[in-house]
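Observations on chain architecture
Spelled out, the chains give:
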Amino acid sequence: MSETGFAGVYQLDNGFYGYRYAIVINGKRKEAKKVRNDLGKPFKTAKQAAKAREIAIVQEQSKALLPQKAKVVGKTVEEVYAEYCEKGRSGKAYSTIKK
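Starting from 1, residues in each chain are numbered consecutively following that chain's sequence as written. Per-residue local features of the predicted model are confined to residues with pLDDT of at least 70, and side-chain atom pairs are confined, for both listing and counting, to 80 or more; whole-chain, interface and lining totals are unaffected and use all residues. Each side-chain value is derived from all of the structure's non-hydrogen atoms; neither hydrogens nor water enter the calculation.

**Considerations on the nonpolar core**
Formed by 13 residues in total, the largest nonpolar core has its most connected members in Val9, Tyr17, Tyr19, Tyr21, Ile23, Phe43 and Ala49. Strands are runs of DSSP state E lasting at least 2 residues, helices are runs of H or I lasting at least 4, and numbering of each runs from the N terminus. Secondary-structure elements contributing two or more residues to this core are strand E2 (17-25) and helix H1 (46-65). Note on definitions: a residue-residue contact is assigned when non-hydrogen atoms from the two residues lie within 4.5 Å. Among residues more than four places away in sequence, those in contact with phenylalanine 43 are Phe16, Tyr17, Gly18, Tyr19, Lys34, Val35, Arg36, Asn37, Gln48, Ala49 and Ala52. Take the buried Ala, Val, Leu, Ile, Met, Phe, Trp, Tyr and Cys residues and link them wherever side-chain atoms come within 4.5 Å; each set so joined is a nonpolar core. For every residue, the accessible area obtained with a 1.4 Å probe (protein chains only) is divided by the maximum for its type, and the residue is called buried under 20%, exposed over 50%, and partly exposed between those limits.

Structure, rendered in structure tokens:
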């Protein structure tokens, strides 16, 4: 515990509070340090900062549980059309192919 009574919470020179955390998710270290809430206002008490810290940690851990999106590979129209002709052209109407 720190001198504020909450782990990861510290007092700034101007009297407000901030927090920091470092967690490891899937072998990657995620570090963050915040002195303002989501609305842009400073934390006036250590308890506010501690609560915001816990919420931020839970949000980061829940992000790791979500499935990762596949990366979209950029292709030209020519490449897409060539692939379409090779794999999916048979049995299509001429107007559909023309599109």
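We are not done yet, so read on.
**Observations concerning the sheet that holds strand E3 (residues 28-34)**
Taken in spatial order, the 3 strands line up as E1-E2-E3 in an open sheet, and their pairing is antiparallel. Looking at which strands have only one partner, the edges of the open sheet turn out to be strand E1 (9-11) and E3. Adjacent strand axes in the sheet meet at a mean angle of 15°, parallel and antiparallel pairs treated alike. DSSP bridges decide pairing: two strands pair if at least two such bridges lie between them. One ladder, built from 7 bridges, connects E2 with E3; its direction is antiparallel. Within E3, the residue paired with valine 24 across the bridge is arginine 29. Simply put, an axis is a line fit to the C-alpha atoms, just over the touching stretch for a helix, and the angle between two N-to-C directions goes from 0 to 180 degrees.

**Notes on the layout of surface pockets**
In this analysis a 1.4 Å probe is tested at points of a 1 Å grid over the protein atoms alone, and where it fits but cannot get out there is a cavity; an open set with protein on both sides within 12 Å along at least five of seven lines is a pocket; lining residues have an atom within 4 Å of a point. Grid points are joined across faces, edges and corners, and a volume is the space filled by probe spheres set on the points. Taken as a whole, the largest pocket encloses approximately 350 Å³ of empty space. Lining the largest pocket are 15 residues, and of these Tyr19, Asp38, Ala52, Ala56 and Gln59 sit closest to its centre. For the lining of the largest pocket, the secondary structure elements donating two or more residues are E2 and H1. Looking at the lining of the largest pocket element by element, the count peaks at 8 residues for H1. Polar here means any residue other than Ala, Val, Leu, Ile, Met, Phe, Trp, Tyr, Cys and Pro, which are nonpolar, and Asp, Glu, Lys and Arg, which are charged; Gly is therefore polar. Grouping the constituent residues of the lining of the largest pocket by class yields 6 nonpolar, 3 polar and 6 charged. Quantified by volume, the second largest pocket comes out at close to 190 Å³. Forming the walls of the second largest pocket are Ile25, Asn26, Lys28, Arg29, Lys30, Glu60, Lys63, Ala64 and Gln68. Breaking the lining of the second largest pocket down by element, the ones donating at least two residues are E3 and H1. Here the residues of the lining of the second largest pocket sort into 2 nonpolar, 2 polar and 5 charged.

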